[in-house]
There are 2 protein chains.
Amino acid sequence: MTSSSDLEQIETRTLSLVRDFSFLHADDPVANSCKAVADAVAQQAVTSSEGGKRLRALLTLDAFRAFAPQDVAERDMDAVLDLACAIEVFQTGALVHDDIIDDSDLRRGKPSAHRALATDTHSDAIGHGLGIMLGDMLATASVDIANKAACRLGSGSSVVSAFLNMHREVEIGQVLDLAVELNTLDDPEELASASLNVFRWKTASYTTIAPLEFGMLAAGLAPADARRLALAIGLPLGLAFQLADDLLDVIGSSRNTGKPVGGDIREGKRTVLLADAIEAAGDVERRELIDMWEAESRDEAHVRRAIALFESTGAIARSKERIAGLWLESKAAIETLELSQDRKDMLTEACARFVPIVREQG
Amino acid sequence: MTSSSDLEQIETRTLSLVRDFSFLHADDPVANSCKAVADAVAQQAVTSSEGGKRLRALLTLDAFRAFAPQDVAERDMDAVLDLACAIEVFQTGALVHDDIIDDSDLRRGKPSAHRALATDTHSDAIGHGLGIMLGDMLATASVDIANKAACRLGSGSSVVSAFLNMHREVEIGQVLDLAVELNTLDDPEELASASLNVFRWKTASYTTIAPLEFGMLAAGLAPADARRLALAIGLPLGLAFQLADDLLDVIGSSRNTGKPVGGDIREGKRTVLLADAIEAAGDVERRELIDMWEAESRDEAHVRRAIALFESTGAIARSKERIAGLWLESKAAIETLELSQDRKDMLTEACARFVPIVREQG
């Protein structure tokens, strides 16, 4: 399987699994007058699931290929595909709740789930409630898909345990992300370390660590080994991924990320870039940045000024260094694996998808 | 084990399982500045878990005792206790989300979770976000506890699948409950049937059907048999339980339910009682009821008038008949089981806890 046919298979399978779980089953006894709303929620589950980059599922498949003996790879690839899709379903559910928490109107250029459901039902309150339930349903669906895949793999409870641990980590990550909003901006060192810490829980956990871990578990590695190796490769990679995402938000990209430049600044998001800029700034510019972030909102001029300060304080350069350093760490961890060089190269290639910026910057 | 010592064990074990899952572990790397908020969420997980009636866990234990061979009962009781507590943890998480959806200030006489977290963080928005995450964490915890219990029982994926099916049913139930709010009040027959349908999904699913099913699965019954018998006994029992709960809200009880009489009416809840009253009322009183429920809010005089109409239209009597009929159905299903009479009597006694009103009314 090439990566582009992987992508097609992931897309098709993910939507089919979501459809199977979300729509009422033929033998589900539901009152006629309520069916339209249940259908709207199921349809939204599908709509919200469409069109991700599927990086997490792709990494799961490649990690499995890198570690699995040939016969296991052939026998179990279809079940691993389900397991890979389960992460995508989990992510969709987490984003539905994220958008409610952040009161976001849009997701991937379409109305966010709770907004779409508010439109469907002509009620903001009911849309909000249905959105919470949709997030819950997708979370349940993700575990159900993973549990069924684990049964097919014969790796049973270790995969399910690891999958639930991923849920827990992302939930804690979201709690920590909200906690950072309460932090003072006067201690940039703590802010940078707290923000990186949020990345570990909220992003790296399910973006890189879990896909690597699941791929290795499916390939037959012992749970403790899979966890250790997945952390060694996936933790720096996941941090680099989120740093690169935040950086692209500020400097833009030759690729279309689908977001306008400066969105994080406009929202007043507390990023590592901001912390680095506050830390490196002189007194006047430090005050300027803190005032900007403590204000109710920021306009176009603020966004341009903040980007200029991120540049002049060296925060952007520092972020690029951080990303390059973390990527080296991840690659070094791959090189120490007891695998053929071919398999290591394949895994390195798979991981490099998370840091395209390293290549663009040369 | 008597039922009162069951209750103590369930209470102690539930809180200990919630504590273990919710508080950060010693090896969880979390930035110092974020720990206080993570602790507040974990503490709220414990507070929200305290003091339920534990009817669902008690039924799980008793269903297991009714069906398990003596040696299995002795060997596996401790794992079944965990499984029973997992349902309680699931319920707590579902109630946390329920209270957000209904914008409720109170739960069991204490501030609801999201309100308490808003107070802790001095921010309604952050309290709301943390509340959504707390509900997610408790849902994850419940599956994790069930998965570990299932491993100890050796019944593996069938228990986990049944547990996830319970999650799905309650989530659909909450969707249907919101859908009923959009229904017209002009078709009381459909309203009554839709409300009973919501009871099946939102209440009976996890209150009576799942506890019976899990107890039977743990005792070694085949999944299809456990499902069939749990539905036969648990579906009418769960409907009777919710009807009785709604009735007690209107007529009060010699026991203290902890709720003021008429709360559902004040909130404008669409109950089977309301549907029955609208159906049986003459034109004038029917209009009066519909107008009351379509109004923005209802005062004390409205509550008294509605109760009087529920009485005079025969809706209260009809509800009592419904409850008695469903309870007979449930008891009859128990009588057909291939168990000793002692075990059947024990199970009947366990199920009777869900309909105390049948005894009070004589």
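These numbers come from a predicted model, not from an experiment.

Trainee: Hey, could you run me through the domain arrangement of chain A in this one?
Mentor: A common way to express how large an interface is: the accessible area buried when the components associate. All names here are of chain A. On domain assignment, one finds that chain A holds domain 1 (1–154) and domain 2 (199–362). A straight line from the C-alpha centre of domain 1 to that of domain 2 covers 25 Å. Contacts between domain 1 and domain 2 engage 23 residues on the former and 23 residues on the latter. For the pairing of domain 1 and domain 2, the buried interface totals around 2,100 Å² over both sides, and the portion due to carbon and sulfur atoms is 72%. In terms of surface lost to domain 2, no three residues of domain 1 exceed Arg-56, Leu-59 and Phe-67, which account for 35% of the buried area on that side. Where domain 1 meets domain 2, there are 2 salt bridges. For Arg-353, the salt bridge goes to Asp-62, with nearest N and O atoms at 2.7 Å. Put simply, domain 1 and domain 2 have 6 residue pairs in polar contact (both at pLDDT 80 or more) between them. Of all the elements in the fold, those that place two or more residues in the side of domain 1 that touches domain 2 are α3 (55–67) and α4 (70–101).

Trainee: Honestly, the relation of the copies chain A and chain B in this entry has me stumped. Any pointers?
Mentor: Related by rotation about an axis and a shift along that axis, the two copies of the chain form a pair. Between chain A and chain B, the superposition needs a rotation of 180 degrees and an axial shift of 0.0 Å, giving an RMSD of 0.0 Å. Those values place the two copies in the arrangement expected of a two-fold rotation axis.

Trainee: Would you mind going over helix α3 (residues 55–67) of chain B with me for this structure?
Mentor: The periodicity of an α-helix, 3.6 residues per turn, causes residues three or four places apart in sequence to face the same way. The end-to-end C-alpha distance of α3 of chain B, which contains 13 residues, comes to 18 Å, matching closely the 18 Å that a straight helix rising 1.5 Å per residue would cover. Extensive coverage of α3 of chain B is indicated by the burial of 13 of its 13 residues.

Trainee: Mind showing me how you'd approach the interface of chain A and chain B here?
Mentor: With 54 residues of chain A at the interface, the matching set in chain B holds 54 residues. A buried area of about 4,700 Å², summed over both sides, lies between chain A and chain B, and 71% of it is on carbon and sulfur atoms. Applying the counting criterion to the chain A and chain B interface returns 2 salt bridges. A salt bridge links Asp-28 of chain A to Arg-168 of chain B; its shortest N-O distance comes to 2.8 Å. Where chain A touches chain B, the interface holds 23 residue pairs in polar contact (both at pLDDT 80 or more). Elements supplying a minimum of two residues to the side of chain A that touches chain B: α2 (32–49), α4, α6 (124–153), α7 (156–180) and α8 (188–219) of chain A. Looking at the side of chain A that touches chain B, the element that brings in the most residues is α7 of chain A, giving 14 residues.

Trainee: Explanation requested: the packing of helix α5 (residues 113–121) of chain A against α6 of chain A in the structure shown.
Mentor: Helix packing for two helices is described by the angle between their axes and how far apart those axes are. All names here are of chain A. Orientation of α5 relative to α6, taken along the N-to-C sense of each, is 135 degrees, at an axis distance of 7 Å. By the criterion of interaxial angle, the relationship of α5 to α6 is oblique. As α5 runs across α6, the sense of the crossing is right-handed. Contacts between α5 and α6 involve Ala-113, His-114, Leu-117, Ala-118 and Thr-121 from the former and Asp-124, Ile-126, Gly-127, His-128, Leu-130, Gly-131 and Leu-134 from the latter. Within the contact of α5 with α6, the residues separate by chemical class into 6 nonpolar, 5 polar and 1 charged.

Trainee: Honestly, the packing of aromatic side chains in this entry has me stumped. Any pointers?
Mentor: Two measures describe an aromatic ring pair: the distance that separates the ring centres and the angle between the ring planes. Evaluated as defined, the whole model comprises 8 aromatic pairs over all chains. Here the aromatic rings of Phe-241 of chain B and Phe-354 of chain B are separated by 5.7 Å at their centres, their planes lie at 75 degrees, and the arrangement is edge-to-face. Of this pair, Phe-241 of chain B sits in helix α9 (residues 223–251) while Phe-354 of chain B sits in the loop between α15 (341–352) and α16 (356–360), and the two are 113 residues apart along the sequence. One Lys or Arg, Arg-200 of chain A, reaches over the ring of Trp-201 of chain A and ends 4.6 Å from the middle of that ring.

Trainee: For this particular structure, what's the right way to read the packing of helix α11 (residues 272–280) of chain B against helix α12 (residues 283–294) of chain B?
Mentor: All names here are of chain B. It is the contact of α11 with α12, at a shortest axis distance of 8 Å, that shows an interaxial angle of 145 degrees. Of the two elements, α11 crosses α12, and the hand of that crossing is left-handed. The residues of α12 that touch α11, namely those facing Leu-274, Ala-277, Ile-278 and Glu-279, are Arg-286, Leu-289, Ile-290 and Trp-293. In terms of residue class, the contact of α11 with α12 is made up of 6 nonpolar, no polar and 2 charged.

Trainee: How should I be thinking about the side chain of Gln-174 of chain A in this particular structure?
Mentor: Relative to the helices and strands, Gln-174 of chain A resides in helix α7. Apart from the residues within four sequence positions on either side, Gln-174 of chain A is in contact with Asp-98, Ile-101 and Lys-202 of chain A together with Met-133 of chain B.

Trainee: Even after reading the chapter, I still don't get a negative patch on the surface, so can you show me in this structure?
Mentor: On the surface, a cluster of negative charge is contributed by Asp-186, Asp-187, Glu-189 and Glu-294 of chain B. Structurally, Asp-187 of chain B is set in the loop between α7 (156–180) and α8 (188–219).

Trainee: Quick question: what am I supposed to make of the environment of Thr-208 of chain A here?
Mentor: All names here are of chain A. Here Thr-208 shows up in helix α8. Each C-alpha atom, one on Thr-208 and one on Asp-28, is 37 Å from the other, the two residues being 180 residues apart in sequence. The residues contacting Thr-208, other than those within four sequence positions of it, are Leu-59, Gly-234, Leu-237, Gly-238 and Phe-354.

Trainee: Help me understand the environment of Leu-7 of chain B in this model?
Mentor: All names here are of chain B. Examined against the element boundaries, Leu-7 turns out to sit in helix α1 (residues 3–22). Linking Leu-7 and Glu-279, residues 272 residues apart in sequence, is a C-alpha distance of 41 Å. Apart from the residues lying within four places of it in its own chain, the contact partners of Leu-7 are Lys-53, Arg-54 and Leu-58.

Rules of the game
- Residues numbered from 1 in each chain as written.
- Chains lettered and ligands numbered in written order.
- Predicted model: local features only at pLDDT ≥ 70, side-chain atom pairs only at ≥ 80, totals over all residues.
- Heavy atoms only, no water.
- Domains from an automatic or database assignment.
- Contact = heavy atoms within 4.5 Å.
- Buried area = accessible area lost by both parts, 1.4 Å probe.
- Salt bridge = Lys/Arg side-chain N within 4 Å of Asp/Glu carboxyl O.
- Polar contact = N/O pair within 3.5 Å; in protein donor to acceptor, adjacent residues only side chain to side chain.
- Helix = DSSP H or I, 4+ residues; strand = E, 2+ residues; numbered from the N terminus.
- Least-squares fit on C-alpha atoms with pLDDT ≥ 70 in both.
- Expected span 1.5 Å × (residues − 1).
- Buried < 20%, exposed > 50% of the residue type's maximum accessible area, 1.4 Å probe, protein only.
- Axes fitted to C-alpha atoms, helices over the stretch in contact; angles between N-to-C directions.
- Parallel < 35°, antiparallel > 145°, perpendicular 65-115°, else oblique.
- Left-handed = near helix turned anticlockwise from the far one by under 90°.
- Nonpolar A, V, L, I, M, F, W, Y, C, P; charged D, E, K, R; others polar.
- Phe/Tyr/Trp six-rings, centres within 6.5 Å; stacked < 30°, edge-to-face > 60°.
- Lys NZ or Arg CZ within 6 Å of the ring centre and 35° of its normal.
- Patch = residues over 30% accessible without salt bridge, like charges linked within 9 Å, V, L, I, M, F, W, Y side chains within 5 Å.
- Areas by Shrake-Rupley, 256 points an atom, 1.4 Å probe, with all protein chains shown as cover.
- Lys, Arg positive; Asp, Glu negative; His and termini not counted.
- Charge placed at Lys NZ, Arg CZ, Asp CG, Glu CD.

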